Amino acid sequence: MDRLYSNFVREDDLVFDIGSHVGDRIGSFRRLGCRVVAVEPQPRLVRILRCLYGRDPHVVIEPMAIAAAPANIELFVNLDNASLTTASLGFVAAASAAPGWHGERWPRRLAVSAITLDQLIERHGEPIFAKIDVEGFEAEALAGLSRPLRAFSFEFTTILRGVAIDCVTRCRALGAYLYNAALGETQRLAFTQWVDAEAIERWLGTLPDSANSGDIYARLGVFRNPPRGSTPS
C-alpha cells in the first residue's frame, strides 16, 4: 500500500481519505509523512478512528459524509460488515441480487450530515491526492467537486459498473486525466502505461464479474516513466 501511494504523495502533502472506515489508508498516508483529512460518517467507525488517530496532530477526523450537495442523507447500515454501509440504494439493490453477496443485509437506517468536496477543500485546502471509497456513492461525491485535483482514486464494483463510468465522465469534465487501476486489495497498478478515458471504460466493461471490485486512479498529466507498483496490462 505504501509503495502504491508513494506514486502520488510525498512528505507533508495533504491527502483526503473519503470513507476512512477503520483507517488502514490513514496509516499508510501517515507512514509516508502526509497530513490527512479523514472523512467517515459511521459513529462506531469514527470512535475507532479517534482511538487510533485522535492524538495525531496531522490527522483531522471529519464525522460526516461527502455528497453532491450539502444535506442530511440516509445511510443503509450493514450491521455485520460496516465497510459495506452505503448511502446508495442502487448499491444495496445490486448487491442483494448479485451472486456472491448472499447474506449481506442492510437492516438499519442512519441519518448523517453531508458536505461537498468543494466545501471540504474550503475547510482544509486542496489535497494532492484524494481516496474515495464510499460503496457505490462515488459519483455523487465527485459531483460536488468543481475543480480538478492533481490525483485521486475511486472505488468500482462489477455489480455497479455504471457508477465507475459516471465517475470517469465527471473526470472528463474536470480536466485532462489519465487513468490506471488496481484490482481488489492487490495494491498494484494494472497498466504499465496510463490510459485515456475510453481505454479505462473498455477495461471496466470487459472485467469478469468475479473481479468484484478495485480502484480507478485518475491523474492529471503524463508520466515520463512507468509508476512504481505497476504490472503489465
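Just so it is clear, the model here is predicted, and its values are computed rather than measured.

A. Representation of the sheet that holds strand 3 (residues 59-62). Strand order in the open sheet formed by seven strands is 3-2-1-7-8-10-9, and the pairing between neighbours is mixed. In the strand order of this sheet, the two ends are held by strand 3 and strand 9 (177-183), each with one partner. Averaged over all neighbouring strand pairs, the angle between strand axes comes to 15 degrees, with direction disregarded. Note that strand 9 and strand 10 (residues 213-220) share seven bridges and pair antiparallel.

B. Spatial organisation of helix 5 (residues 117-124). Along helix 5, the positions that sit buried rather than exposed are Leu117, Asp118, Leu120 and Ile121. An end-on view of helix 5 places all buried positions within 160 degrees of arc, on one side of the element. Note on helix 5: the residue one or two positions beyond its end, glycine 125, has a positive phi of about 100 degrees.

C. Structural view of the nonpolar core. By size, the foremost hydrophobic cluster in this structure holds 50 residues, and its most contacted members are Phe154, Tyr179 and Trp203. The biggest single contributor to this core is helix 7 (residues 161-174), with six residues. Excluding residues within four positions of it along the chain, tryptophan 203 makes contact with Phe156, Ala181, Leu183, Ala190, Phe191 and Ile216. Among the nonpolar cores identified, the runner-up in size contains 22 residues, and Tyr5, Phe8, Cys34 and Trp194 belong to it.

Cut-offs applied
Residues numbered from 1 in each chain as written. Predicted model: local features only at pLDDT ≥ 70, side-chain atom pairs only at ≥ 80, totals over all residues. Heavy atoms only, no water. Pairing = 2+ DSSP bridges. Helix = DSSP H or I, 4+ residues; strand = E, 2+ residues; numbered from the N terminus. Axes fitted to C-alpha atoms, helices over the stretch in contact; angles between N-to-C directions. Buried < 20%, exposed > 50% of the residue type's maximum accessible area, 1.4 Å probe, protein only. Arc of directions from axis to C-beta. Core = buried A, V, L, I, M, F, W, Y, C linked by side-chain atoms within 4.5 Å. Contact = heavy atoms within 4.5 Å.

That is the geometry; function is a separate question.
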